[in-house]
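# Secondary and tertiary structure notes
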Amino acid sequence: MEHSIAVNPWASLAYLIAGVCFILALRGLSSPTSSQRGNRFGMIGMTIAVVTTLITHVPRLDPSTIDSMTVIEIVVAIGIGAAIGLVTARRIAMTDMPQLVAAFHSLVGLAAVLVACAAFLNPAAFGIVDEAGQILTVSRVEMGLGVAIGAITFSGSVIAFLKLNGNMGGKPIMLPGRHVINLAVLAGILGLIGYFTQDQAPWVFWTVTLLSFAIGFLLIIPIGGADMPVVVSMLNSYSGWAAAAMGFTLHNSAMIITGALVGSSGAILSYIMCRAMNRSFISVIAGGFGGDSAGGAAAAASDRPWKRGSAEDAAFLMSQAEQVIIVPGYGMAVAQAQHVLREMADKLKEQGVKVKYAIHPVAGRMPGHMNVLLAEANVPYDEVFELEDINSEFAQTDVAFVIGANDVTNPAAKTDKTSPIYGMPILDVEKAKTVLFVKRSMGGVGYAGVDNDVFYMDNTMMLLADAKKMVEEIVKSLG
């Protein structure tokens, strides 16, 4: 017999309230000034959703299994998860936030896979069987899509984590015939999901699961470090759709609402990231950008004449300026220089210098990476500007202080049609009267593997050192 699911009007209302809280959370997180409020709405919504689910779903279990031990197991599981989350949140450095986000995405994907597997192994408990004891056709579609998207999210997020954490190189790994292989595997997954609606044989479900794990690995391996912001937002979208698919299987409207919100917002963010790089979503998935293909050209270009400056030179130039625009990048994140950078800005403001921060949409390794780091250092929100809001000011600026931002300031994006970053909007730092460029050495290039002409311009002074140490020396020179 089909296992009927009673609809509790109070539960539906609670899930609706939770959904509204999630919408308000996303709205709040759209701005640094309202991000704390957005986080609170998110926590309230999740608490409502979890409590409602426990109240409404535990009684639907087999009565013979509902005992004190079942309740204890649920409480212990929640406690363990909460403890892990609390410890992780307190210990993780802001510079490691991209890795943490990728790791969390992998857990969402794995959860979707486990739910789909549980539903396949015991469909009666989920109320997705017909009178003949067969899994409902619509549930097979939900289950197949859920396990596929979840598995892709898990394996793809694991690879993204390894790349972001430095366990794998940022250079793309180009497999021979990867496009044909990927298309064949994706076609196979979709074909098997279609076949699964007609035949619920175990081999079909488990084959879909294994192929989905494989394609997640194959899709992310060829993607280079420069595309990581897009990859992170893309995996965020995948995790949302996986949760939404499982929401249908579990008859949980909160999961459907939340998954749809996360999935759609992640997709929109991926589009924004791609537009900021002047690239299509398909070209990112195809991989290849962000490698070291231009490494030879970059090495040759480093023989061009350039000017080297010191911390004292930089301190003098900035102290005499009317306005300084600071351009942070991944180099700042690696050196964890955000706090001393804010200290430098405070020193300059004490001397009457106007200070602003220019943020490129894809600076760093995840969307909003620089915003998060600057917020951690208590940089005033009204001093932080996005590319389109500040780019026109460089021409009237005395000093552009670039700290570890290579690709997003590279004029080749505007002038060299053969460059892999051609067409990508950049921060026009070269238009400032003086450019102070903090970099470890002249030998390295950005993740796009392209040398930066700004290094060799007459108005550029290279400050070669660890970003944090250089800024500390500048602070001392400012007095």
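Below is a summary of the structure that appears in this document. As the structure is a computational prediction, the values presented were derived from the model and not from experiment.

## Structural notes on the nonpolar core
- Met143, Ile189, Phe205, Val208, Ile215, Ile220 and Val231 are the most contacted members of the largest nonpolar core, which has 46 residues in total.
- Residue contacts for Ile215: discarding those within four places in its chain leaves Ile152, Asn182, Val185, Leu186 and Ile189.
- Counting residues in each nonpolar core, the second largest holds 39 residues, with Val379, Met461, Ala467 and Met470 among its members.

## Quick notes on the pattern of salt bridges
- By the definition in use, this model includes nine salt bridges.
- Close ionic contact of Arg342 with Asp346 constitutes a salt bridge, the shortest N to O distance being 3.2 Å. Taken together, the positions of Arg342 and Asp346, both in helix 14 (residues 338-350) and four residues apart, correspond to about one turn of that helix.
- For Asp346, a relative accessible area of 27% corresponds to the partly exposed category.

## What about the packing of helix 14 against helix 18 (residues 467-478)?
- Two numbers describe how helix 14 lies on helix 18: the axes approach to 9 Å, and their chain directions differ by 25 degrees. Between helix 14 and helix 18, the interaxial angle falls into the category roughly parallel. Crossing handedness for the pair helix 14 and helix 18: left-handed. In this structure, helix 14 contributes Val340, Leu341, Glu343, Met344, Lys347 and Leu348 to the contact, and helix 18 contributes Lys468, Val471, Glu472, Ile474, Val475 and Leu478.
- Along the lines of polarity and charge, the residues of the contact of helix 14 with helix 18 split into eight nonpolar, no polar and four charged.

## Regarding the pairing of strand 6 (residues 460-464)
- Within strand 6, five of the five residues are buried, which leaves the element mostly enclosed by the surrounding structure.
- Side chains of strand 6 alternate between two faces, with Thr460, Met462 and Leu464 and Met461 and Leu463 buried alike.
- Relative to strand 6, strand 5 (residues 434-439) runs parallel, the two sharing five bridges. Bridge pairing links Val435 to Thr460 in strand 6.

What counts as what
- Residues numbered from 1 in each chain as written.
- Predicted model: local features only at pLDDT ≥ 70, side-chain atom pairs only at ≥ 80, totals over all residues.
- Heavy atoms only, no water.
- Core = buried A, V, L, I, M, F, W, Y, C linked by side-chain atoms within 4.5 Å.
- Buried < 20%, exposed > 50% of the residue type's maximum accessible area, 1.4 Å probe, protein only.
- Contact = heavy atoms within 4.5 Å.
- Salt bridge = Lys/Arg side-chain N within 4 Å of Asp/Glu carboxyl O.
- Helix = DSSP H or I, 4+ residues; strand = E, 2+ residues; numbered from the N terminus.
- Axes fitted to C-alpha atoms, helices over the stretch in contact; angles between N-to-C directions.
- Parallel < 35°, antiparallel > 145°, perpendicular 65-115°, else oblique.
- Left-handed = near helix turned anticlockwise from the far one by under 90°.
- Nonpolar A, V, L, I, M, F, W, Y, C, P; charged D, E, K, R; others polar.
- Pairing = 2+ DSSP bridges.

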